[in-house]
Number of protein chains: 2
Amino acid sequence: MEEKKISLPVIKRLPRYYRYLAELLDNQVTRISSKELSQRMNITASQIRQDLNNFGCFGQQGYGYNVEFLYNEIRKILGLDEAYNLVIVGAGNIGQALVNYATFERRGFKIIGIFDANPRIIGVSIKELEVMDVQLLGEFIQKNKVDIGVLTLPKGKAIEVSEIFISNKVTALWNFTNTDLNAPPHVCIENVHLTDSLMTLCYKFNETKKTQS
Amino acid sequence: MEEKKISLPVIKRLPRYYRYLAELLDNQVTRISSKELSQRMNITASQIRQDLNNFGCFGQQGYGYNVEFLYNEIRKILGLDEAYNLVIVGAGNIGQALVNYATFERRGFKIIGIFDANPRIIGVSIKELEVMDVQLLGEFIQKNKVDIGVLTLPKGKAIEVSEIFISNKVTALWNFTNTDLNAPPHVCIENVHLTDSLMTLCYKFNETKKTQS
């Protein structure tokens, strides 16, 4: 397979393909045409063909896609054939939600530690994890294999904590704080900005109202 | 101002501009050049000029942008000069996190009801809101002004609940369930798919590792 740069919108759609293929597999569907997949996913069939062609030739004329094969290929492309260790900083509602989210573990994402700065939360157990003092974060990373750092703390401390991760060679950060992190280019960041998302919805809502009226 | 269709990437960046301008205002900064804004936001100055030109002429040659004016304009464009009532279905960690998120209320988003199907959670208070039985959702919407429906429930019931919102004329849905909703075109949906986001991070992480090695 030729190495080429895949555009961000394509990458962003891959997890969605993966999700749909997983559902098909669960329902014992073994093969699917791009037309049928297109109807289910609400993407044009030609878009699907284009997207998947980025990664090699998966489909066969007149046969469609072999669901399991395609699922496994996308799995590999996304890097989900490996396991990842996550550490969460911020044991508030979002942090707790992530610990309690069973899907992650099934996908190979294991949460191995959760930290907080609040003495009233430190020591409390969430599932089987005891919340640790954020002062010990650097030490913990040095002693354990940590692949992904998760920031679910208030934005005021976000940069400081991201620097602890980065200086300890954690190069993937999942950022739920309402701020952008300034990280060196070798660090990957994926943001979940809830307020931004809500504002985007608000904009769409008003635009739709205008068209309706 | 001429009405034209704004592209989705521009719309997605608007809340980010809004966030930065709010910070500038908090720090008593009254004007800013596109160059300076560009350095802070890590977007090129020409991108900023292009983005903002979509909505009219905000900048002045040699002066830059008036922060408060620009803030207020983007506020209006996003529709944040109005208030919105939200109803949440699913009082798990994510639902609770949203109720506890003070920022929303400051931005004009008011959560007026939270529902769940679990009898052990119904009746419990989160902040000042008592969790109601999801059976009463339709009735509640009919009696109250509900602008945005928030889905923070398990994906199995997501479609059913979205249909209650839609049939009761709620046309904006904020979807946290790990599934896509099939809604008619007059309904706006904004998805927060956490697993997709984590998989995207995972992909970027592996790509970066390849370039480094």
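Everything below is about the structure printed above this text.
Attention in this report is confined to the structure presented alongside it. (Residues numbered from 1 in each chain as written. Chains lettered and ligands numbered in written order. Predicted model: local features only at pLDDT ≥ 70, side-chain atom pairs only at ≥ 80, totals over all residues. Heavy atoms only, no water.)

1. Comments concerning the environment of L137 of chain B
All names here are of chain B. Note that L137 resides in helix α7 (residues 137–143). Note on L137: relative accessible area 0%, which makes it buried. Taking the C-alpha atoms as reference points, L137 and N168, separated by 31 residues in sequence, lie 9.7 Å from one another. Ignoring sequence-local partners within four residues, the contact set of L137 consists of V87, V89, F115, V161, I164 and F165. (Helix = DSSP H or I, 4+ residues; strand = E, 2+ residues; numbered from the N terminus. Buried < 20%, exposed > 50% of the residue type's maximum accessible area, 1.4 Å probe, protein only. Contact = heavy atoms within 4.5 Å.)

2. Here we look at the sheet that holds strand β8 (residues 148–151) of chain A
Reading across from one edge, β7-β4-β3-β8-β9-β10 (chain A) is the order of the six strands in this open sheet, with parallel pairing throughout. Two strands lie at the open edges of the sheet, namely β7 (132–133) and β10 (188–191) of chain A, each paired on one side alone. Relative to strand β4 (residues 109–116) of chain A, strand β3 (residues 84–89) of chain A runs parallel, the two being bridged by six bridges. When the bridges of β4 of chain A are listed, Y84 of chain A appears paired with F109 of chain A. The sheet contacts of helix α8 (residues 158–167) of chain A involve β3, β8 and β9 (172–175) of chain A, and relative to β8 of chain A the element is tilted by about 170°. Where helix α9 (residues 194–212) of chain B meets the sheet, its contacts fall on β3, β4, β8, β9 and β10 of chain A, and the angle it forms with β10 of chain A comes to roughly 165°. (Pairing = 2+ DSSP bridges. Axes fitted to C-alpha atoms, helices over the stretch in contact; angles between N-to-C directions.)

3. Details of the packing of aromatic side chains
Residue and element names in this part refer to chain A. This structure, assessed with the given rule, holds 14 aromatic pairs over all chains. On the basis of an interplanar angle of 25° and a centroid distance of 5.7 Å, the ring pair of Y84 and F109 is categorised as stacked. Pair noted here: Y84 is in strand β3 and F109 is in strand β4, with a separation of 25 residues, a long-range link. Given the relative accessible area of 1%, Y84 is considered buried. What makes F109 buried here is its relative accessible area of 1%. Ring geometry for F115 versus F140: centroids 5.4 Å apart, planes at 75°, classification edge-to-face. Of this pair, F115 sits in strand β4 while F140 sits in helix α7 (residues 137–143), and the two are 25 residues apart along the sequence. (Phe/Tyr/Trp six-rings, centres within 6.5 Å; stacked < 30°, edge-to-face > 60°.)

4. Quick word on the sheet that holds strand β4 (residues 109–116) of chain B
Read from one edge to the other, the open sheet built from six strands follows the order β7-β4-β3-β8-β9-β10 (chain B), with strand pairing classed as parallel. The open sheet terminates on both sides in strands that have one partner only, identified here as β7 (132–133) and β10 (188–191) of chain B. Note that β4 of chain B and β7 of chain B share two bridges and pair parallel. Note on β7 of chain B: the bridge partner recorded for D116 of chain B is D133 of chain B. On top of the sheet, helix α9 (residues 194–212) of chain A reaches β3 (84–89), β4, β8 (148–151), β9 (172–175) and β10 of chain B; it is set at about 165° to β10 of chain B, its chief contact.

5. Observations concerning the interface of chain A and chain B
Across the contact, 64 residues belong to chain A and 64 residues belong to chain B. For the chain A and chain B pair, buried surface summed over both sides reaches about 5,800 Å², with 63% attributable to carbon and sulfur atoms. On the surface where chain A and chain B come into contact, there are ten salt bridges. Of the charged contacts in the structure, one is a salt bridge between D196 of chain B and R19 of chain A, with a shortest N-O distance of 2.8 Å. The interface formed by chain A and chain B contains 20 residue pairs in polar contact (both at pLDDT 80 or more). For the side of chain A that touches chain B, the secondary structure elements donating two or more residues are α1 (8–26), α4 (67–78), β3, α5 (93–100), α6 (102–106), β9, β10 and α9 of chain A. Counting residues per element, the side of chain A that touches chain B draws most heavily on α9 of chain A, which supplies 17 residues. Considering only residue class, the side of chain A that touches chain B consists of 33 nonpolar, 16 polar and 15 charged. (Buried area = accessible area lost by both parts, 1.4 Å probe. Salt bridge = Lys/Arg side-chain N within 4 Å of Asp/Glu carboxyl O. Polar contact = N/O pair within 3.5 Å; in protein donor to acceptor, adjacent residues only side chain to side chain. Nonpolar A, V, L, I, M, F, W, Y, C, P; charged D, E, K, R; others polar.)

6. Some details on the packing of α1 of chain A against α4 of chain A
Residues and elements named next belong to chain A. Viewed as axis vectors pointing N to C, α1 and α4 meet at an angle of 145°, and their least axial separation amounts to 9 Å. Between α1 and α4 lies a crossing whose hand is left-handed. Contact residues: α1 offers L14, P15, Y17, Y18, L21, A22, L24 and L25, while α4 offers V67, E68, L70, Y71, I74, R75, I77 and L78. Considering only residue class, the contact of α1 with α4 consists of 14 nonpolar, no polar and two charged. (Left-handed = near helix turned anticlockwise from the far one by under 90°.)

7. Some details on the relation of the copies chain A and chain B
Superposition record for chain A on chain B: RMSD 0.0 Å, screw rotation 180°, translation along axis 0.0 Å. Interpreted geometrically, this transformation is the action of a two-fold axis. Across chain A, the smallest distance between a C-alpha and the rotation axis is recorded for N93 of chain A, namely 2.7 Å. Taken as a fraction of all interface residues of chain A, those also at the interface in chain B reach 100%, which identifies the copy contact as same-surface. (Least-squares fit on C-alpha atoms with pLDDT ≥ 70 in both.)

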